[in-house]
Each structure stands twice: as C-alpha cells, then as structure tokens.
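In case you want the letters, here they are:
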Amino acid sequence: MEQNEYLKVVRKTSFIGAFMIQYLSRIIIVYLLSKGVAPWIAVSIPIVIEFGRVLSRIIEPISKISLKINYKTYYYVYIIIFTILSILISQCTTLYTIYPLTLILGLAYGLWAACLNKLNTSNSKYQSFCLYEDEKFNMLGSTAGLILSQIVYDINPTLYIISFILVAVISIITCLKIPNIKVEEDDMLSYEKTEEIPKKQKQKLFVLILLFGTLIGIMNIVYNSLEAIPPLITEKAGYLSSIYTFVEFVALLLLSGHVIEKIKGKGKLLLSETVIAIIYAILLTLAGIFQNYQSLIFIFILYGISSPLADPIWSSLMSEYSQKNRRYFIYINKIYFMIRAIILIITWVIIKVIITSGLHGFAILGIISIISLIAIYLITEWYTKKYLKKTI
C-alpha cells in the first residue's frame, strides 16, 4: 500500500473522529450545566470518556480486537454508537445515568483510537508521517468541532442535540470512498509469532513503564485540569478551547513528520515530552491565578503553541519501548493504561475538590506538578539507559 493511501485514511478519519469527540465533550458540559447538573459531574465528562478509552487498552480481549478488526468497518460502527450515546447522555441529569453511558462511549472511542494507532505504527517507512498527519488533522477536526458546536448551541440548545444525527450521516458519507487498508504487513513482530516475555524481562519492563506512565500521568492530570477550566469561567467554552486547537494546527503546519525523526535520532523523545509537560504545568499555574476570559485566551494560545508534538512523541516512545514486538506492545499498553486509569481517578478527585473549594487550587496543583515532573524525568531517564542501553 502506498504512503498516500495510508495518509488519505489517516487524514479523513482522524479529522472526523476529533470533530465528533470535541463536538460533544465541551458544549455538552455547558448544556448539562444549563439543565442543573452538578458542575463537578458535568465537567468530569471528558475524564470519564478518557477513562473508558483507557479501559479499552487494559481489557485484553478488547485490546486484541484492535489488532484484528477491519479499520474501515469499525469506523462506521463507531460513528453510529457515538451518535446514539451522545444523544442519550444529553438527556440525563444524574451521575448514575451520565457516567455509565459516557464510560461505554469512551470504550468505543478507545477501540477506534487503538485501531488508528495500529494503522499509524504498522509500517516503519510511513510511521512518523502518519503520526504527524494524525495529529495535524486531529487538531483541525477538533477546532472545527469546538467552533461549530458552540455556534449551533448559541442558535438553539435543542438544535445542538439533534445535529448529532446530521454530523453522523455526513461523516459516514464523507468516508465511503477511503481505501480499505488491511494491515497484513506489520513493522512489529506479530503476537502469535513471538515467545512469552521472560519473567526477569517483564519485571524490568514493568518498572520502566511504571516510571514512564507516572510521568505521562502527571502530564494528563495537568492538561485535564487545564481543559476543565473554560466551562467553569464562561458559557463560550467552545470558542475558548478552539483557540488552543487552532493554534496547535497552525504550529503543526510549520512542522513536518521529519521533526519527530530528528528528535528520535538524537535520543530526545523523553526529554521533549517532559519539557512539554512542564510547560503545561506552568500554564495551569497561571490559569489558576488569573481566572478570567482574557487571561485564558493568552494561556490557551501558549497551550496550543506548546502542544503539536506531544501525542506523536508519546506514540513514538510507546513504539520504542515495545522494541518492534507486538507481544511487548500489548504488555506495555496494559501496564501503561492501568497506571493511566488510576491517574484518571485521581484527576477526577482532584478536580472535584478544587471545584468545590476554590479554583485557585489549580495554581497549587501546577506548582506541585512542575517539581514532580522534573524528579520523575530524571529517574525515568536513568532507568531507560539502564534497560535499553540507550536514551530515547
């Protein structure tokens, strides 16, 4: 399969997938708040979606499905599931109905994301370019989803809910002619053709991913907290969040897939991801201090400038740690996403406490995160050199 065929699939489906998740995840908070739903429940919807996505990686039968399922077929199934659940969530008002439906949506979303990641990383020749295009069109789709959802909601909140059906129909029609890529050639050794990971190797790998997962976990706490702030400050949360996604998209246009290759070649992937995480923490600190719309515009512009390489670098790191072995890849994902699940629960508790006690708590969280990130990076870098005999 030619590179252009891969990129065509990645661009279209990444754009639409990001459009749909952002069409839901910000304005649905505003919509539910207007219906009298408790702020900490409404604001935590993106965290519950992410928790469901994480569970899809932890539950082994689901994670294995992503290795075998036809990407194009599941893409259509996912759009239908997403649309039905989004409409149902909008009609709920309690934690006991909102959370279960949102969790199921997150599981479906996670399986789709895993299928896309498999496509992105299945061919070493195209990997960096697929990851770069995925991130670029993800940001473009996110921006469009945030802006359009805010516009439709401002016209009429009920129209916003009904519009999910139209979005689904357009999404399916748009992708009818994308190539049906069957990933038969895999850059990694297949799960079936590899031996069990030796016990000592598993132990070393567990420690390595525990450290790496904690580092990225703190990064997730920071950006989930940062993205929870706009709906608490203004009803125009869609426009505010779209500033970040649009700026990131513009920044991505100035970069290319070769940037990831250069960072990887210099063994600076882990360092680069940590620097991005520290910038996030600084911005969270500022957002906790200056709690107004104008300050958040400036903060989210800086957020967008610092974010373009975060996800592509993370994907490259996970690929490097797996050493081109699908069995290692599945084991690493299981450990990493178990840590991520625990971190998300911690994030939910932290955000609930801060919302109920005062938004200045976000500034304190930012400062603690900066110190923690530096300490954990130094330990992770040391252990990575010890385990892989190189820096990555």
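On a predicted model such as this, the values are computed, not experimentally measured, just so you know. (Residues numbered from 1 in each chain as written. Predicted model: local features only at pLDDT ≥ 70, side-chain atom pairs only at ≥ 80, totals over all residues. Heavy atoms only, no water.)

**Things to note about the overall build of the protein**
Each helix and strand counted, the protein has 18 helices and zero strands in total. Relative to a compact globule of 392 residues, whose C-alpha radius of gyration would be 21 Å, the protein shows 20 Å and is just as compact. Referenced to the eigenvectors of the C-alpha coordinate spread, the extents of the protein come out at roughly 55 × 50 × 40 Å. Looking at the protein as a whole, 59% of its 392 residues qualify as buried. Pairs at least 24 residues apart make up 88% of the contacts formed inside the protein by residues separated by at least 6 positions. A total accessible area of about 16,300 Å² is found for the protein, and carbon and sulfur atoms account for 67% of it. In the protein, the 35 positive side-chain charges and the 23 negative ones have mean positions that sit 4 Å from each other. (Helix = DSSP H or I, 4+ residues; strand = E, 2+ residues; numbered from the N terminus. Rg over C-alpha atoms; globule rule 2.2 N^0.38 Å. Buried < 20%, exposed > 50% of the residue type's maximum accessible area, 1.4 Å probe, protein only. Contact = heavy atoms within 4.5 Å. Areas by Shrake-Rupley, 256 points an atom, 1.4 Å probe, with all protein chains shown as cover. Lys, Arg positive; Asp, Glu negative; His and termini not counted. Charge placed at Lys NZ, Arg CZ, Asp CG, Glu CD.)

**Observations regarding the pattern of salt bridges**
Counting across every chain of the model gives six salt bridges. Here Arg53 makes a salt bridge to Glu50, at a shortest N to O gap of 2.9 Å. Placement of the pair is Arg53 and Glu50 together in helix 4 (residues 45-58), with a separation of three residues, close to one helical turn. Comparing Arg53 with Glu50 shows no difference in burial state: the two are buried. Note that Glu133 and Lys136 form a salt bridge whose closest N and O atoms lie 3.3 Å from each other. In this pair, Glu133 and Lys136 are both assigned in helix 8 (residues 127-155), three residues apart and thus about one turn of the helix distant. (Salt bridge = Lys/Arg side-chain N within 4 Å of Asp/Glu carboxyl O.)

**Some points on the packing of aromatic side chains**
Enumeration according to the criterion identifies 24 aromatic pairs in this entry. Each member of the aromatic cluster is reached from another via a ring pair, and the members are Phe15, Phe19, Tyr23, Tyr31, Tyr153, Tyr160 and Phe164. Positioned above the aromatic ring of Trp40, the side-chain terminus of Lys352 is 4.2 Å from the ring centre. (Phe/Tyr/Trp six-rings, centres within 6.5 Å; stacked < 30°, edge-to-face > 60°. Lys NZ or Arg CZ within 6 Å of the ring centre and 35° of its normal.)

**With respect to a positive patch on the surface**
On the surface, Lys200, Lys204, Lys386 and Lys389 cluster together into a patch of positive charge. Within the secondary structure, Lys204 is located in helix 10 (residues 199-228). (Patch = residues over 30% accessible without salt bridge, like charges linked within 9 Å, V, L, I, M, F, W, Y side chains within 5 Å.)

**Some details on the confidence of the model for the protein**
In the predicted model, the protein carries a mean pLDDT of 85, and 92% of its residues have values of at least 70. Across the protein, the element-wise mean pLDDT spans from 72 in helix 5 (residues 60-68) up to 94 in helix 14 (residues 269-289). (pLDDT = per-residue confidence, 0-100.)

**Details of helix 4**
Its 14 residues give helix 4 an end-to-end C-alpha distance of 20 Å, which sits within 8% of 20 Å, the value for a rise of 1.5 Å per residue. The element helix 4 is largely enclosed, with a buried count of 14 among its 14 residues. (Expected span 1.5 Å × (residues − 1).)

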